[in-house]
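Listed here are the chains, written in short residue letters.
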Amino acid sequence: MAVEALGHAPRPPGVLTRLGASLLDGLQVLGEATRLFFATVRAVAFVPADRQRVVLQMVRVGTDTLLIGALLSLFVGMTMVVQAADQVREVSQDILGPIVGLAMTKELGPVLMAFLLAGRAGSAMAAELGSMTVYDEINALRTMDIDPVRFLVMPRVVAATIALPVLVLYSDFIGVWGGAAVVAADPAITIPVSSYFARMLEWVHFTDFVVGLVKGVVFGMVASILPCTFGLRTRGGTEGIAASTTAAVVWSFILILVFDFLIVRVTFALD
């Protein structure tokens, strides 16, 4: 009997089986996130009544991120100038201003701040909602006839959607001035700071800031909806909370880059 049992042991799933299961799981996550997004949009009508919770989340998402966001943007701007100055020293260093200005406003500012928000605030959202799900606090809210989407998800999504574009402008400002500091202090850079800003203003236009702000709005939604989705689908105790938090950050990073590509492609198509 033991031999027969061993002979009929199920084979481990093949590569295609695992790939299909991963694909189905990914589609389920996207479906749940889309459904939660539309439920959150319907709950936005209650923002005036729930403004205290929204403001509290804006403080956690935005204000508490200012210091680390400033450090990140400052050193990115400084590093960009050093790298670019070395590459163009045989041509002209006058293009340092446009390089930093366009890179910060259209690409680095939105993406860096979105990654920072997803890694810092997004992980906290996933962990908080995951803990509430595991310990039946979400079910308790439903028992008391309180909508978890309105009470928990909507304030976080609205706060991130409003705060991230502001953080993008803040990052642009700090990054540009970080580059200016290197231009003023580095003896290897021969152009004056006034030329750095003058050439930047020639190349950077209002539409470039608009593109960055649009990215900030979209990335803010992505970096908040996905953590909330993973938090609400958490299962399995503390290990499940850790897994959901990690997955929320990874998925947020991936979809931020996907939407970044789509926005850039649409922008170039409209030019």
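Right, let's walk through the structure included here. Note that the coordinates shown come from a computational prediction; the quantities given were computed from them, not determined experimentally.

Estimated volume of the largest pocket: approximately 360 Å³. Looking at the largest pocket, it is lined by 16 residues, and the ones nearest its centre are Arg 35, Leu 36, Arg 142, Leu 232 and Arg 233. Counting residues per element, the lining of the largest pocket draws most heavily on helix α2 (residues 15–43), which supplies four residues. Broken down by class, the residue content of the lining of the largest pocket amounts to six nonpolar, three polar and seven charged. Of the pockets and cavities examined, the second largest pocket occupies roughly 230 Å³. Contributing to the lining of the second largest pocket are Leu 30, Ala 33, Thr 34, Phe 37, Val 218, Met 221, Val 222, Ile 225, Leu 226, Leu 255 and Phe 259.

On to the pattern of salt bridges, then. Side-chain pairs of opposite charge can arise where the charged atoms are in close proximity. Applying the stated criterion across every chain yields a total of ten salt bridges. Put simply, Lys 106 and Asp 208 hold a salt bridge, and the shortest N to O gap is 3.7 Å. Here Lys 106 is found in helix α5 (residues 96–134), whereas its partner Asp 208 is found in helix α9 (residues 206–232), with 102 residues between them in sequence. A single salt-bridge network, built from bridges that share partners, covers Asp 25, Glu 32 and Arg 233.

Calculation criteria
- Residues numbered from 1 in each chain as written.
- Predicted model: local features only at pLDDT ≥ 70, side-chain atom pairs only at ≥ 80, totals over all residues.
- Heavy atoms only, no water.
- 1 Å grid on protein atoms, 1.4 Å probe; cavity = no way out; pocket = protein on both sides within 12 Å on 5 of 7 lines; lining within 4 Å.
- Points joined across faces, edges and corners; volume = space filled by probe spheres on them.
- Helix = DSSP H or I, 4+ residues; strand = E, 2+ residues; numbered from the N terminus.
- Nonpolar A, V, L, I, M, F, W, Y, C, P; charged D, E, K, R; others polar.
- Salt bridge = Lys/Arg side-chain N within 4 Å of Asp/Glu carboxyl O.

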